[in-house]
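Next come the chains, spelled out residue by residue.
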Amino acid sequence: MLKLTDINSSIFEWALNYSGEGNAISIKFPKLNKWINKDDFPTVRQLEKFSKATNVPFGYFFLDKLPVVSLSIPFFRTLSEEQPVSFSPELIDTVRIIEQRQEWLKEYLTKNGLEPLSFVGSAKHSTNYKIIADKIRTALGINEKWASKLPNWESALSFLIDKTENININVIRNGVVGNNTHRKLDYMEFRGLVIVDDFAPFLFINGTDFKSAQMFTLAHELAHIWIGSSAIFDLRQLQPADNKTEKLCDKIAAEFLVPETQLIEEWQKVKHTENPFQIIARSFKVSEIVIARRVLDLGLITKTVFFEFYDEYISKIPKSKKKDSGGDFYNTQRFRIGKRFANNVITAAKEGSLLYRDAYKLTGLTAKTFQKFESKLRAE
């Protein structure tokens, strides 16, 4: 039986570093130094509060050695010198939540006799990126000019998410851990992540990121599904990491959103105008930075021109446009949980193959909010 005197006091310091909020937490727990030096011991209640404040599991404080926290999927940073030696608790817990959802969904789908998704991992590295981009469009039921009839790039993003979910890919867009608004994600740490699976692939878009960058993140993640490679990435300034798969997925995403042939035609018409990126962006329904990035890829502008434009563009975006502001709670759940995943959970609960208490846990909702969310989702 564990005793409070069995606590590994060195884990208190490790927990402070892990939380990323050491100073603030130290103020909350004035006896912390005494706990570290074993001059005093916390009560069970105090340790529970400290565990919650640092997002470190209660049992970790009784380990003989310092915990080694790692991610189950590769993390790719654009700047290799910024490869992290550790990851935020928010990122780790976000991956954990998605993995739990994926484990349940895969079991549920296979029990119901669903076949594996044929497109997952169907593309090879040797395949031309333009061919892969075209195969993705075909699977989604769209053509090269799919965005031309939509009013703006924000509606194009919603349209693309719906199309993606329609082919049994689960999409989550969230700016916090689960539903905990006190645990915000940082888009500077990661823009998105994809966990590949033949039955239940999951795509995650960091909702704190600029809305103008989220379209590219989604397209990049779709490329990972076709390549069959799970990953977390930051796509700093929309640039890929120095990795073969990341570079390929980057090319596929760019071609998927802005086909080369069409772009070159448009560029020749507007390259000498005052706002060429803006003019072309209206046609493809993507943000100006995506167009600028694509023009750079094709060698039509220099890196200096691109980065100057990127920094200027980002600096002009109002703060309220950068972050996922939340809005209506139940509408937000549609993105935080993902419509496809939510529908599967609701169906399983109604048919009795999933206990409602487990449904609440999988979705992060309470009994009351789950019922209301179900009603709103079914009404769509």
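This text goes with the structure placed above it.
Residues numbered from 1 in each chain as written. Predicted model: local features only at pLDDT ≥ 70, side-chain atom pairs only at ≥ 80, totals over all residues. Heavy atoms only, no water.

Take the nonpolar core next. If you look at the biggest cluster of nonpolar residues, it comprises 71 residues, and the most contacted ones within it are W146, I225, W226, I252, F256, L257 and I291. Here this core takes 10 residues from helix α8 (residues 211-227), the largest share from any one element. Each residue touching I291, except ones within four places of it in the same chain, is listed here: V258, F277, I280, A281, F284 and V286. (Core = buried A, V, L, I, M, F, W, Y, C linked by side-chain atoms within 4.5 Å. Buried < 20%, exposed > 50% of the residue type's maximum accessible area, 1.4 Å probe, protein only. Helix = DSSP H or I, 4+ residues; strand = E, 2+ residues; numbered from the N terminus. Contact = heavy atoms within 4.5 Å.)

As a further point, take the pattern of salt bridges. Across all of its chains, the model carries 22 salt bridges by this definition. Note that R183 and D93 form a salt bridge whose closest N and O atoms lie 2.9 Å from each other. Of this pair, R183 sits in strand β4 (residues 180-184) while D93 sits in helix α5 (residues 89-111), placing them 90 residues apart in sequence. Using a relative accessible area of 11% as the deciding quantity, one classes D93 as buried. (Salt bridge = Lys/Arg side-chain N within 4 Å of Asp/Glu carboxyl O.)

Attention now moves to the packing of aromatic side chains. This model, assessed by the stated rule, comprises 28 aromatic pairs. Look at F29 and F50: their rings are 5.2 Å apart centre to centre, the planes differ by 85°, and that puts the pair in the edge-to-face class. Of this pair, F29 sits in the loop between α2 (22-28) and α3 (32-36) while F50 sits in helix α4 (residues 44-54); the two residues are 21 residues apart in sequence, bridging distant segments of the chain. The interplanar angle of 25° and the centroid separation of 6.0 Å between the aromatic rings of F190 and F204 together place this pair among those described as stacked. Residue F190 is located in the loop between β4 and β5 (192-195), and its partner F204 is located in strand β6 (residues 202-206); the two are separated by 14 residues in the primary sequence. In this structure, F190 and F204 share a single accessibility class: buried. Grouped by ring-pair contacts, the aromatic residues F12, F29, W35, F50 and F61 constitute a single cluster. Between R173 and the ring centre of F335, over which it is positioned, the NZ or CZ distance is 4.5 Å. The ring of F335 is capped by R334, whose NZ or CZ atom sits 5.3 Å from the centre of that ring. (Phe/Tyr/Trp six-rings, centres within 6.5 Å; stacked < 30°, edge-to-face > 60°. Lys NZ or Arg CZ within 6 Å of the ring centre and 35° of its normal.)

Everything listed here is a matter of coordinates, which is why it stays silent on function.
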